[in-house]
Amino acid sequence: MECAGKGRGTRCLGPPRKRCHRCGAVAYCSASHQILHWSEHKEECKRLAQQMKSVDVLNDFPFMFSQEATLMVHEKKETRCSFLSKRGVHQVGMWLYECCCGSSVTSSDCFRSNDGWHLPRILCPCNEPVAPIPKQLSSWKDYYEWRCIPLHSPVALLLHWPFMIYQATQVAGLGSSTSEIRDKLCVHYLGPEKELLQLAVFAELHALFPGVHVHIELIGPAIPQHRDGERIDLGNYAHCLETDCICKSARENLSWDVQTGRTSKVTLQLRRGLYHDCYHEIAKDFSPHLVIAPNAGIAAYSSWLPTIELIKETNVPAVFSDYCEEACHLGACCISTLTGHPLTFPIQLNPFRQPMVVEDSALFLPCYSNCFLFGM
C-alpha cells in the first residue's frame, strides 16, 4: 500500500502507517501528507467509512480456507504463492497466473487445451453434474453442494470468471428459463486479461447453462495480435489429475438438458481491439444479449467513454464488476454523467467474487476480483 498523499509536495518519509482516523481506509507516511490530501479525501472519507463497516461481509466465505485466503493474506501473514503451494497448484496449468510468479498475458499463449485443474477428481468439476442445476445458485456453498465438491477445494479461485457471466445474467434478468436465451446466449465480454490464460475454466458454462449454446466474444487490447479472430470450442470440461477419470475419454463431454433434449455448447471468439471500434463488425454475426466487463475500472480509463456511449445507443444490458465498492461508485458516477440516467442495476455485492483477497490493494478495504456488480 502506498501513502494516499504520495506525490503531493515533499517526498514520502516512509511506509504509510498513519491511517485516517475518520474512515480507516487510507493511510499516510506523515501528518503533512495527510493534511495536503485532505482537500481531496474529504469528498470520499464519509463514504469510505461506511464501506469499511462491511469488511466482515466482504470476507465472509463458506470455505475451510477462508481465513487463510482473506485476513491472513490481507495482513501479509500469508501470500498467494504460499496458499497455492500448500495445495500443490503453484505455477501449474491454469493456476500459473494466480500469483506474481506466473507469465503475463503478452508473453504466453491465450489457451492451452491440456491445461486442467491439476487436482484430484473429488476436488474439481471435471465431469457432468450428478443432478440438474438448481433454479438459481445464490452462493458458493450452493454451487459446491450441487457439484459435490468439498469446501476445502480451491476451484472457486478460478471459477469466478464463468460465474461472472452466470451472475450477470441473473442481475440483468436473463435467467436460463427465459425464452430469449433458451437456445443461445451471446455475451460480449470486454477487457479480458488474466482470464485469457485460464480459458479452459469457461467450460463450466456447460453445467451452468444446460441445453444452451453459450457464445462469448472476448474483446480487448490484451489479446495478442496472432490470436485475433481465433475461435475456441470448449467441448470438454477442464480435466482432473487422474488418468482413469472419464474426463480423459475421447468423447465430447457435453451437458444434456433432459427437459429440452438439447446438448450445451460453449464457444469463445478472440477479438483484439477496443469495443467501440470492433462492435459493428462483430454484431453482424453475433449480436449480444448481454455485455459484461469484469474488473472494469471505468473511472480509471478514458477509453471507456466511447464504449459507454455505444452501449447506451445499442440498449443492450451491460453488467460491470470491480475490485471494491468505491471503484464501482466512481464508475457509476461516470456512467450517470455520460448517460444522464441513474444505474439500471445498482451496486451490489457479488456472491461469486473470487474468495482470495487482492494483495497490496490501495485501500485498507479488502478487495476481491469481481467483488461488486453494477450496470446499465
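Cut-offs used in this document
- Every chain's residues receive numbers from 1 upward, in the order its sequence appears when written.
- Totals for whole chains, interfaces and linings use all residues, but because this is a predicted model, local features are given only for residues with pLDDT of at least 70 and pairs of side-chain atoms are given and counted only at 80 or more.
- The side-chain quantities take in all heavy atoms of the structure and omit both hydrogens and water.
- Only DSSP runs of H or I covering at least 4 residues are called helices, and only runs of E covering at least 2 are called strands; the numbering of each starts at the N terminus.
- The rule is simple: take the accessible area with a 1.4 Å probe, protein chains only, and divide by the maximum for that residue type; under 20% is buried, over 50% is exposed, in between is partly exposed.
- Only when DSSP finds a minimum of two bridges between them are two strands counted as paired.
- Between the N-to-C directions of two axes lies an angle of 0 to 180 degrees, each axis being a line fitted to C-alpha atoms and, for a helix, fitted only over the stretch in contact.
- Working rule for angles: under 35 degrees goes down as roughly parallel, over 145 as roughly antiparallel, 65 to 115 as roughly perpendicular, anything else as oblique.
- Throughout, a crossing is termed right-handed when the near helix is turned clockwise from the far one, and left-handed when it is turned anticlockwise from it by less than a right angle.
- Throughout, a residue-residue contact means that at least one pair of heavy atoms, one from each residue, lies within 4.5 Å.
- Residue classes follow a fixed rule: Ala, Val, Leu, Ile, Met, Phe, Trp, Tyr, Cys and Pro count as nonpolar, while Asp, Glu, Lys and Arg count as charged, and any other residue, Gly among them, counts as polar.
- The criterion for an aromatic pair is that two Phe, Tyr or Trp rings (for Trp, the six-membered ring) have centres within 6.5 Å, with stacked assigned to planes under 30 degrees apart, edge-to-face to planes over 60 apart and tilted to the rest.
- By definition, being over a ring means that NZ of Lys or CZ of Arg is both within 6 Å of the ring centre and within 35 degrees of the ring normal.
- Domain segmentation is taken from an automatic or database assignment of domains.
- Using a 1.4 Å probe, buried area is obtained as the accessible area two parts lose upon being combined, added over both of them.
- Side-chain atoms alone can form a polar contact between residues adjacent in sequence; in general such a contact is a pair of N or O atoms within 3.5 Å, and within protein one must be able to donate a hydrogen while the other accepts it.
- The disulfide criterion used throughout: a pair of cysteine sulfur atoms within 2.5 Å.

In this section: unusual backbone geometry. Phi angles above zero are rare outside glycine, and K76 is one such case at about 60°. Of note, K76 is situated in the loop between α4 (71-74) and α5 (80-86).

If a strand is regular, its side chains alternate between the two faces of the sheet. Burial runs high along strand β3 (residues 184-190): six of the seven residues are buried. Pairing of β3 with strand β4 (residues 213-220), which is carried by seven bridges, proceeds in the parallel orientation. Bridged to L190 within β4 is I219. With three bridges connecting them, β3 and strand β9 (residues 290-293) associate as parallel partners. Paired with H188 across the two strands is V291, which belongs to β9.

Residue placement: S369 occurs in the loop between β11 (345-349) and β12 (372-375). Overall, S369 belongs to the buried group, its relative accessible area being 6%.

We now examine the packing of helix α10 (residues 304-314) against helix α11 (residues 325-339). Taken N-terminus to C-terminus, the directions of α10 and α11 make an angle of 60°; their axes are 10 Å apart at the nearest point. Classified by the angle between their axes, α10 and α11 sit oblique to one another. The chirality of how α10 crosses α11 is right-handed. Within the contact between the two elements, α10 uses L305, I308, E309 and K312 and α11 uses I335, L338 and T339. Of the residues in the contact of α10 with α11, the class split is four nonpolar, one polar and two charged.

Under the counting rule described, the total for this entry stands at 21 aromatic pairs. Considering the side-chain rings of F63 and F65, the 4.8 Å spacing of their centres and the 5° angle between planes classify their relative orientation as stacked. Judged by relative accessible area, which is 5%, F63 ranks as buried. Lying across the ring of F364, R19 places its NZ or CZ 3.8 Å from the centre. Lying over the aromatic face of W38, R22 brings its terminal NZ or CZ to 4.5 Å of the ring centre.

Taken domain by domain, the protein chain comprises domain 1 (1-52) and domain 2 (156-375). Averaged C-alpha coordinates put domain 1 and domain 2 at centres separated by 34 Å. Across the boundary between the two partners, domain 1 contributes eleven residues, which contact ten residues of domain 2. Around 930 Å² of area is buried between domain 1 and domain 2 when both sides are counted, 62% of it from carbon and sulfur atoms. Contact with domain 2 buries surface across domain 1, with M1, R47 and Q51 losing the most and accounting together for 59% of the total. Counting the contacts that link domain 1 with domain 2 gives four residue pairs in polar contact (both at pLDDT 80 or more). Sort the elements by how many residues they give to the side of domain 1 that touches domain 2 and helix α1 (residues 31-52) lands first, with five residues. For the side of domain 1 that touches domain 2, the per-class residue count stands at six nonpolar, two polar and three charged.

All right, on to the state of the cysteines then. Scanning the model with the defined rule gives zero disulfides in all. Note on C81: no disulfide assigned, nearest cysteine sulfur contributed by C101 at a separation of 3.5 Å. Unpaired in this structure, C99 has its nearest cysteine sulfur neighbour in C81, at a distance of 3.6 Å. For C99, a relative accessible area of 9% translates into the label buried.

Working definition: the strands of a sheet are paired by backbone hydrogen bonds and lie parallel or antiparallel to each other. The sheet built from eight strands is open, its strands ordered β5-β8-β4-β3-β9-β10-β12-β11 with mixed pairing. For this open sheet the edge positions go to β5 (231-233) and β11, each flanked by a neighbour on one side alone. Neighbour to neighbour, the strand axes of the sheet diverge by 20° on average, direction disregarded. Examined bridge by bridge, β9 and strand β10 (residues 318-322) share three bridges and lie parallel to one another. By the bridge assignment, A293 is partnered in β10 with F320.

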